[in-house]
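For reference, the chains in residue letters:
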Amino acid sequence: AFRAPAQALEPQLRARATVASGPAREAAHLDLALYLAHIAPGGAVAAPVAAVLAQAGDSAQTLLATARHAEDPDARRRAAERLFESTGVPAVDRAAAAVLLAAHYADYATIWRRAEDLFGAALELDPSSWEAALRLALRRADLGLVETARQDIARLAALYPNAGRLRRELASLERRRY
């Protein structure tokens, strides 16, 4: 049987990003950045994801990718803030930015009041943002309101049955009840 030699994807993506122009340039840089963040040996630590994204431009998709994948938490926060505060951007993108920004305030800065406000803003922008609703419910559980959180997550799991994380969190809360 004939076996073709495996070709490394990273050089191909870098070459595409180098020669691309116009809208294809942003797409090529986004592809390269996502590859570096998820697949490249060494992951984001060894690969300059933020540097690649900086070359991609300032679109909502680029800011969202930066907010998710930049190596530096402060760079992720700044990108999320820019996108969240942008006008003329789809509400779903602003909601995603609000969730990422809220997660920063909850997980890195431990400023929960700001995080809760941002999770609420995400739900106002996109009522289907189950991640924002989940994080608010988990915060209730952390405050000792386990049964309230369990009910909230059970409602979310019924609405979004394909979201495996909801089922896992619900199972975790079930164990905390007893």
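Reading guide: rules and limits
Residues numbered from 1 in each chain as written. Predicted model: local features only at pLDDT ≥ 70, side-chain atom pairs only at ≥ 80, totals over all residues. Heavy atoms only, no water. Helix = DSSP H or I, 4+ residues; strand = E, 2+ residues; numbered from the N terminus. Buried < 20%, exposed > 50% of the residue type's maximum accessible area, 1.4 Å probe, protein only. Expected span 1.5 Å × (residues − 1). Salt bridge = Lys/Arg side-chain N within 4 Å of Asp/Glu carboxyl O. Axes fitted to C-alpha atoms, helices over the stretch in contact; angles between N-to-C directions. Left-handed = near helix turned anticlockwise from the far one by under 90°. Contact = heavy atoms within 4.5 Å. Nonpolar A, V, L, I, M, F, W, Y, C, P; charged D, E, K, R; others polar.

## As for the environment of N162
Part 1 of the argument: Within the element layout of this structure, N162 appears in the loop between α10 (146–159) and α11 (164–177).
Part 2 of the argument: On the basis of relative accessibility, which here comes to 76%, the residue N162 falls in the exposed class.
Part 3 of the argument: The sequence separation of N162 and A56 amounts to 106 residues, and the corresponding C-alpha distance is 32 Å.

## Digging into helix α2 (residues 23–38)
Part 1 of the argument: Its 16 residues place the ends of α2 23 Å apart at the C-alpha level, agreeing with the 22 Å of an ideal helix rising 1.5 Å per residue.
Part 2 of the argument: Among the residues of α2, A28, H29, L30, L32, A33, Y35, L36 and A37 are the ones counted as buried.

## Here's the deal with the pattern of salt bridges
Part 1 of the argument: All told, the structure shown has 16 salt bridges when counted by the stated rule.
Part 2 of the argument: The salt bridge partner of D58 is R82, with a shortest N-O separation of 3.2 Å. With a gap of 24 residues between them, D58 in the loop between α4 (49–56) and α5 (60–69) and R82 in helix α6 (residues 73–85) connect regions that are remote in the sequence.
Part 3 of the argument: Classification of D58 by relative accessible area gives exposed; the value is 55%.
Part 4 of the argument: You can call R82 partly exposed: its relative accessible area is 44%.
Part 5 of the argument: Residues R150 and E174 are paired through a salt bridge, measuring 3.4 Å at the closest nitrogen-oxygen approach.

## Description of the packing of α6 against helix α7 (residues 91–107)
Part 1 of the argument: α7 packs onto α6 with a crossing angle of 145 degrees between their chain directions and a minimal axis gap of 8 Å. By crossing handedness, the relation of α6 to α7 is classed as left-handed. For the pair α6 and α7, the contacting residues are P73, R77, A80, E81, L83 and F84 in the first and D93, R94, A97, A98, L100, L101, H104 and Y105 in the second.
Part 2 of the argument: A breakdown of the residues in the contact of α6 with α7 according to their chemical character gives nine nonpolar, one polar and four charged.

Note that every value here comes from positions in space, so none of it alone points to a role or purpose.
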